[in-house]
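For reference, the chains in residue letters:
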Amino acid sequence: MTYIELLKRIDALAPLPKTVLDIEEFKKTDNYDTNDLVKIIEQDPLMVSTILKTANSAMFGFVSKIDSLSKAVSLLGINFTISIALASGIKNAINSQLVVYGGDSDMFLRIANMQSNFVSLWMNQVDMELKKELILPSFLQESGKFLINNAVMDEGKKDDFLKQVNERFDDISTVEKEFVGMSSADVTSAIFKHWNIAQSIIGGIKYSDDVSKVLPQFEKQAKILNIVKLVCNISKPLDERCIEKARQRVEDFGFDLKPFDAAVVKMQTRISEE
């Protein structure tokens, strides 16, 4: 599979579903109205189901069961709800699995949920504005894995790819580049560009696998997404090898280790309760 062939697959993607487009328009409004968002999402029963399933996961730790969309939006907050809704819509638009990574499409939502939660836990102690900026990119940054899955499957290299992912789970982007010529960050940013999704979302994702090339205005975002993707990787999330490697990157990138370490401990607690 060549870089050009993968780009052709991206260009051939169908337009985003109307619900996703409506959510994108909703995001551009200055004053978010929860009721307006609920009305948009209610058009897509699968999206509603995904949001409720996510809201009831141990990751959020809500005491009582959440059985209505309006309650879920109220408890999750608009930014988290938008992230889950867009991820659900994009997953369904691409219509793929993640078997070459050792899982299915539900794995995408679980990892997306973990990454956005980790960003929230970490940035709560560091920079609330960065938290707002990163919730959505952290939830969506692994979207490119669906197309990589299809490319690897079509090449008949599933077993070889999965073996490499399992062995090199702390460097999955390199495995992706070796097999299809692009990392998940490359593919995700190309998909979002094809769909005209906001540059503010694409900027940090695009360079999260190679922060040396990032534009100055997206540098912090790309570095944080890089670290989060390593800690909550799709193969072995919260593995000690990845955490130690991430701690080194935290220091190399000039971040404070204390808030990062606290976020790791909180995340480990949440995962243990699932």
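Scoring rules and cut-offs
- Residues numbered from 1 in each chain as written.
- Predicted model: local features only at pLDDT ≥ 70, side-chain atom pairs only at ≥ 80, totals over all residues.
- Heavy atoms only, no water.
- Helix = DSSP H or I, 4+ residues; strand = E, 2+ residues; numbered from the N terminus.
- Buried < 20%, exposed > 50% of the residue type's maximum accessible area, 1.4 Å probe, protein only.
- Areas by Shrake-Rupley, 256 points an atom, 1.4 Å probe, with all protein chains shown as cover.
- Lys, Arg positive; Asp, Glu negative; His and termini not counted.
- Charge placed at Lys NZ, Arg CZ, Asp CG, Glu CD.
- Disulfide = S-S within 2.5 Å.
- Polar contact = N/O pair within 3.5 Å; in protein donor to acceptor, adjacent residues only side chain to side chain.
- Contact = heavy atoms within 4.5 Å.
- pLDDT = per-residue confidence, 0-100.
- Core = buried A, V, L, I, M, F, W, Y, C linked by side-chain atoms within 4.5 Å.

### Brief notes about the overall build of the chain
On a plain count of helices and strands, the chain comes out with 16 helices and 0 strands. Oriented by its inertia axes, the alpha-carbon framework of the chain measures out at about 45 × 45 × 35 Å. Within the chain, buried positions represent 55% of all 274 residues. Surface exposure of the chain reaches about 12100 Å², of which carbon and sulfur atoms provide 49%. Taking the average place of the 33 positive charges on the side chains of the chain and the average place of its 39 negative ones, the gap between the two points comes to 0 Å.

### Quick notes on the state of the cysteines
By definition, a disulfide links the sulfur atoms of two cysteine residues through a covalent bond. Enumeration according to the criterion identifies 0 disulfides in this entry. For the unlinked cysteine C242, the closest cysteine sulfur is that of C232, found at 9.8 Å. Taking relative accessible area as the criterion, C242 reaches 0% and is therefore assigned buried.

### Some thoughts on the side chain of S183
Tracing the backbone through its elements, the reader meets S183 in the loop between α11 (172-180) and α12 (184-194). On the accessibility criterion, S183 (0% relative accessible area) is buried. Of the polar contacts made by the side chain of S183, one reaches the side chain of D209; its length is 2.7 Å. Those residues in contact with S183 that sit more than four places away from it in its chain are I148, S173, E176, K177 and D209.

### Regarding the confidence of the model for the chain
Mean pLDDT over the chain works out to 90, with 99% of the residues at or above the 70 mark. Per-element confidence in the chain is highest for helix α15 (residues 240-252), whose mean pLDDT is 97, and lowest for helix α1 (residues 3-11), whose mean pLDDT is 84.

### With respect to the environment of P259
For P259, the location among the structural elements is in helix α16 (residues 257-272). Given the relative accessible area of 9%, P259 is considered buried. A sequence separation of 205 residues divides P259 from T54, and the C-alpha atoms of the two residues are 25 Å apart. Apart from the residues within four sequence positions on either side, P259 is in contact with W122, Q125 and V126.

### Some thoughts on the nonpolar core
Counting residues in hydrophobic clusters, the biggest one holds 99 residues, and the most contacted among them are F118, W122, F192 and F260. Here this core takes 11 residues from helix α7 (residues 105-123), the largest share from any one element. When neighbours within four sequence positions are excluded, F192 is seen to be in contact with I90, L140, S143, I197, I201, I202 and I205.

### Some details on helix α4 (residues 45-55)
Those residues of α4 lying buried are M47, V48, T50, I51, L52, T54 and A55. Contacts made by the buried residues of α4 are with α2 (18-27), α3 (34-41), α5 (69-76), α6 (78-94) and α7. Capping of α4 at its N-terminal end is provided by D44; its side-chain oxygen lies 3.1 Å from the backbone amide nitrogen of L46.

### A look at unusual backbone geometry
The backbone phi angle of N196 is positive, close to 60°, even though this residue is not glycine. One non-glycine residue, L238, lies in the positive phi region at around 60°. The buried category is assigned to L238, whose relative accessible area is 12%.

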